[in-house]
Amino acid sequence: MNDRVLVLEGIHNFRDYGRYTGSDGRLRNGVLWRSGQHGDATEKDLATVANLGISTVIDLRGDSERQLMPCLRHDGFDGLVLFAPGETAGSELAPHEEAGRGITTADEARAAMTRLYENMPFRTVLIRSLTLYFEALATRDGSSLLHCLAGKDRTGLAAALLHRLLGVHEDDVMADYLLTNVAGNQQRRIAAAGDSIRQRYGSQITDEAIETLMGVDATYLDAATRSIKQRYGSTERYAEEVLGVDAARRQALRERLIA
């Protein structure tokens, strides 16, 4: 398994998304962590997370997701948990569940996920959550954890935005995004999501469609990137005008996150 990934029993897709080389140097190890939600975390999982010294958690889930699946924390956790009130995904659903509406095949699932990513960077509550994310990274000491329900779509977009603002090579931005497809116990995660999606939308959804909904694809992130550039011209301008990440904040990010 890739040495960026922590293999935990009850927390999916837990990994260090630092370590890459940016335009001004190498990103710090063990400072930037991301994952899915922690509602199924075991005591051993929580002990492992405790050893990371995380001081800030950025929760990209919506209110409904937090209510349905509260995240577990280890007994000694005294960090700050940040989130924007409201729903960060449509219809109070995680993106992969939202995209499952009305689909049957893998091709339909891929098209639905692509459409979802085209609009994801402009969702009002998610924008507020991403604003908190960048503010925290620029102002707070210690390690951080970024997560959503599955830890792949909203979290993947946020990590890619940060990497680009720090000058990480585009090949590495995409490699980190696609690492979701092999991080942790994929079959368990897909099976659990499949039950939920079929209960909501019906048994006609194929296994291949479920796998497509629960994975990531380069075309998804490309769709979000293309939408950002069409509206704002560049990631930097989007970050400044929408997320408040101006030149001073970008410099603060570099000072805190690049060795």
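A quick note: this is a predicted structure, and the numbers were derived from the prediction, not measured. (Residues numbered from 1 in each chain as written. Predicted model: local features only at pLDDT ≥ 70, side-chain atom pairs only at ≥ 80, totals over all residues. Heavy atoms only, no water.)

**Q** Could you give me a rundown of the sheet that holds strand β5 (residues 32-35), with the residues and numbers involved?
**A** Across the sheet, six strands lie side by side as β1-β2-β5-β8-β6-β7; this open sheet has mixed pairing. Two strands in the sheet have a free side with no partner beyond their single neighbour: β1 (5-6) and β7 (80-82). Across three bridges, the pairing between strand β6 (residues 54-59) and β7 is parallel. Each bridged residue has a counterpart across the sheet, and for Val-57 the counterpart in β7 is Val-81. (Pairing = 2+ DSSP bridges. Helix = DSSP H or I, 4+ residues; strand = E, 2+ residues; numbered from the N terminus.)

**Q** Let's hear about the pattern of salt bridges: which residues, and what values?
**A** In a structure, side chains of opposite charge can pair up when their charged atoms sit close to one another. Overall, the coordinates contain 15 salt bridges when judged by the stated rule. Here Arg-66 makes a salt bridge to Asp-59, at a shortest N to O gap of 3.9 Å. Here the two residues Arg-66 and Asp-59 agree in accessibility, since each one is buried. Where Arg-256 meets Asp-141, a salt bridge forms, and the shortest distance between an N and an O atom there is 2.5 Å. Here Arg-256, found in helix α12 (residues 247-257), pairs with Asp-141, found in the loop between α5 (124-139) and β8 (143-147); they are 115 residues apart in sequence, far enough to count as distant. For Arg-256, a relative accessible area of 30% translates into the label partly exposed. A relative accessible area of 59% means that Asp-141 is categorised as exposed. Overlapping salt bridges bring together Asp-59, Arg-61, Asp-63 and Arg-66 as one network. (Salt bridge = Lys/Arg side-chain N within 4 Å of Asp/Glu carboxyl O. Buried < 20%, exposed > 50% of the residue type's maximum accessible area, 1.4 Å probe, protein only.)

**Q** An account of α12 is needed here, citing residue identities and associated values.
**A** Those residues of α12 lying buried are Arg-250, Ala-252, Leu-253 and Leu-257. Seen along its axis, α12 keeps its buried residues to an arc of 160 degrees; they face one direction. Structural note: α12 exposes Ala-248 and Glu-255 on the side pointing more than 90 degrees away from its buried face. (Arc of directions from axis to C-beta.)

**Q** Hey, could you go over the packing of aromatic side chains for me, with residue numbers and the actual values?
**A** Scanning all chains against the criterion turns up six aromatic pairs. On the basis of an interplanar angle of 65 degrees and a centroid distance of 5.8 Å, the ring pair of Tyr-232 and Tyr-238 is categorised as edge-to-face. Of the aromatic side chains, those joined through ring pairs into one cluster are Tyr-117, Tyr-177 and Tyr-220. The side chain of Arg-4 reaches across the aromatic face of Tyr-20, ending 3.8 Å from its centre. (Phe/Tyr/Trp six-rings, centres within 6.5 Å; stacked < 30°, edge-to-face > 60°. Lys NZ or Arg CZ within 6 Å of the ring centre and 35° of its normal.)

**Q** Requested: an account of the packing of helix α6 (residues 154-165) against helix α11 (residues 235-243), with residues and values cited.
**A** Following both chains from N to C, one finds α6 and α11 inclined at 115 degrees, their axes separated by 10 Å at the closest point. The interaxial crossing formed by α6 with α11 has left-handed handedness. Where α6 approaches α11, its residues Leu-161, Arg-164 and Leu-165 are matched on the opposing element by Thr-235, Glu-236, Tyr-238, Ala-239 and Leu-243. Among the residues making up the contact of α6 with α11, the classes are represented as five nonpolar, one polar and two charged. (Axes fitted to C-alpha atoms, helices over the stretch in contact; angles between N-to-C directions. Left-handed = near helix turned anticlockwise from the far one by under 90°. Contact = heavy atoms within 4.5 Å. Nonpolar A, V, L, I, M, F, W, Y, C, P; charged D, E, K, R; others polar.)

**Q** Quick rundown of α11? Include the residues and the values.
**A** Buried within α11 we find Thr-235, Tyr-238, Ala-239, Val-242 and Leu-243. One side of α11 carries all its buried residues, which in axial view fall inside an arc of 100 degrees.

**Q** With reference to specific residues and values, describe unusual backbone geometry.
**A** Positive phi, normally seen in glycine, also occurs at Asn-13, with a value near 60 degrees. Relative to the helices and strands, Asn-13 resides in the loop between β1 and β2 (14-16). At Arg-19, a position not held by glycine, the phi torsion is positive, near 75 degrees. As for its placement among the helices and strands, Arg-19 is situated in the loop between β2 and β3 (21-22).

**Q** I'd like a description of the environment of Ser-143, backed by residues and values.
**A** By the element assignment, Ser-143 lies in strand β8. Here Ser-143 falls in the buried class, since its relative accessible area comes to 8%. Separated by 88 residues in the primary sequence, Ser-143 and Arg-231 have C-alpha atoms spaced 33 Å apart. Once you skip the residues sitting within four places of it in the chain, Ser-143 turns out to touch Gly-30, Val-31, Trp-33, Leu-52, Gly-53, Ile-54, Ser-55 and Thr-56.

**Q** Please give an account of the pairing of β5 that cites residues and values.
**A** Burial of β5 is two-sided: the residues Leu-32 and Arg-34 facing one way and the residues Trp-33 and Ser-35 facing the other way are all buried. Where β2 and β5 come together, two bridges link them in antiparallel fashion. Each bridged residue has a counterpart across the sheet, and for Arg-15 the counterpart in β5 is Arg-34. Here β5 pairs with β8 via four bridges, running parallel. In the sheet register, Leu-32 faces β8, and the bridge partner there is Ser-144.

Read these as layout, nothing more, since geometry by itself doesn't imply function.
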